[in-house]
Amino acid sequence: GGGGVSGPEARAEVPSEWKEVLGKGLDYIAGKTGPISEWEAFALARAGRPVPDSFLPSVISLIKENGGQFRKTTDYARLILVLKALGQNPGNIAGFDLIERMMQNSHMTSQGVNGPAFALIALNSAGYAVPEGARWTRDQLIEWILKQQNEDGGFALDKSGGMASDVDVTALVLQGLAKDRHREDVREATEKALDWLSKQQLDN
């Protein structure tokens with residue numbers, strides 16, 4: 001899984017109209033003549049569609065060119081997710097351990113909750129262990145995220161900046177926390193966030 005909700009509730013049959021829309025989107029990506037992005041490759045791979053042969057070598061070249069070092073946590077997380085989807089080992093790719101690099105990142109929270117939430121999603125995608133002595137642990141990521149919850153139950157990109165709760169950010173955080181709902185603090189925060197998210201829905 002990609003770090004989202006697991007279990008029977010996540011395995012509901014996809015409505016036929018959704019399949020049609022997803023199929024068109026995948027057809028569009030597959031029909032592109034130029035290079036595709038990591039997220040596009042991720043979508044194809046997770047859907048069981050072929051990914052262009054040129055994609056993986058280009059990603060490996062990017063990692064080598066950067067010396068396995070990226071400033072944004074989301075860069076590491078995106079690469080980990082797409083490499084995993086392609087059957088590669090992000091813990092040893094082009095001689096670099098991207099999981100260790102991500103968890104050692106001194107800029108983990110520079111993107112607000114995006115960084116820690118995506119880091120959890122990437123870790124959860126294959127139950128990756130956090131390397132010994134890393135700057136961040138799973139518990140620290142979770143506890144930092146929980147402190148960012150707004151009073152209304154939602155999450156904003158940057159609570160310290162007084163930003164209002166956001167649907168996209170709240171949904172992302174819920175995906176990051178999904179595997180840890182056995183923790184009472186996570187379960188309580190999740191319920192509050194789901195309540196807030198539910199209230200944002202329109203009648204249609």
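Keep in mind the model is a prediction, meaning the values are calculated, not measured.

Cut-offs used in this document
- Residues numbered from 1 in each chain as written.
- Predicted model: local features only at pLDDT ≥ 70, side-chain atom pairs only at ≥ 80, totals over all residues.
- Heavy atoms only, no water.
- Helix = DSSP H or I, 4+ residues; strand = E, 2+ residues; numbered from the N terminus.
- Contact = heavy atoms within 4.5 Å.
- Polar contact = N/O pair within 3.5 Å; in protein donor to acceptor, adjacent residues only side chain to side chain.
- Axes fitted to C-alpha atoms, helices over the stretch in contact; angles between N-to-C directions.
- Parallel < 35°, antiparallel > 145°, perpendicular 65-115°, else oblique.
- Left-handed = near helix turned anticlockwise from the far one by under 90°.
- Nonpolar A, V, L, I, M, F, W, Y, C, P; charged D, E, K, R; others polar.
- Buried < 20%, exposed > 50% of the residue type's maximum accessible area, 1.4 Å probe, protein only.
- Phe/Tyr/Trp six-rings, centres within 6.5 Å; stacked < 30°, edge-to-face > 60°.

Engineer: Just checking my understanding: could you explain the side chain of Gln149 for this structure?
Structural biologist: Following the sequence through the fold, Gln149 ends up in the loop between helix H7 (138-146) and helix H8 (167-177). In contact with Gln149, other than residues within four places in its own chain, are Gly154, Phe155, Lys159, Ala189, Lys192 and Ala193.

Engineer: Teacher, can you tell me more about the side chain of Asn105 here?
Structural biologist: Examined against the element boundaries, Asn105 turns out to sit in the loop between helix H5 (98-103) and helix H6 (114-124). A polar contact is formed between the side chain of Asn105 and the side chain of Thr73, at a distance of 3.1 Å. For Asn105, the contacting residues outside a window of four places in its chain are Phe70, Arg71, Lys72, Thr73, Tyr76, Arg135 and Trp136.

Engineer: Whenever I open this one, the packing of H8 against helix H9 (residues 184-199) confuses me. Can you help?
Structural biologist: The axes of two packed helices give the description: the angle between them and the distance between them. As a packed pair, H8 and H9 sit with axes 10 Å apart at the nearest point and diverge in direction by 150 degrees. When the interaxial angle is binned, H8 and H9 end up roughly antiparallel. Crossing handedness for the pair H8 and H9: left-handed. Contacts between H8 and H9 involve Val167, Thr170, Leu174 and Leu177 from the first element and Val186, Thr190, Ala193, Leu194, Trp196 and Leu197 from the second. Taken together, the residues that form the contact of H8 with H9 break down as 8 nonpolar, 2 polar and no charged.

Engineer: Help me out: how do you make sense of the environment of Val59 in this one?
Structural biologist: Within the secondary structure layout, Val59 lies in helix H3 (residues 55-65). On the basis of relative accessibility, which here comes to 2%, the residue Val59 falls in the buried class.

Engineer: What is the right way to read the packing of aromatic side chains from this model?
Structural biologist: Between two aromatic rings, the relevant description is the distance of the centres plus the angle of the planes. Enumeration according to the criterion identifies 3 aromatic pairs in this entry. Where Phe70 meets Tyr76, the ring centres are 5.6 Å apart and the plane angle is 90 degrees; that geometry is what we call edge-to-face. Taking the relative accessible area as the measure of exposure, Tyr76 reaches 0% and is therefore buried. Clustering of aromatic rings is evident, with ring pairs tying together Trp39, Phe42 and Phe118.

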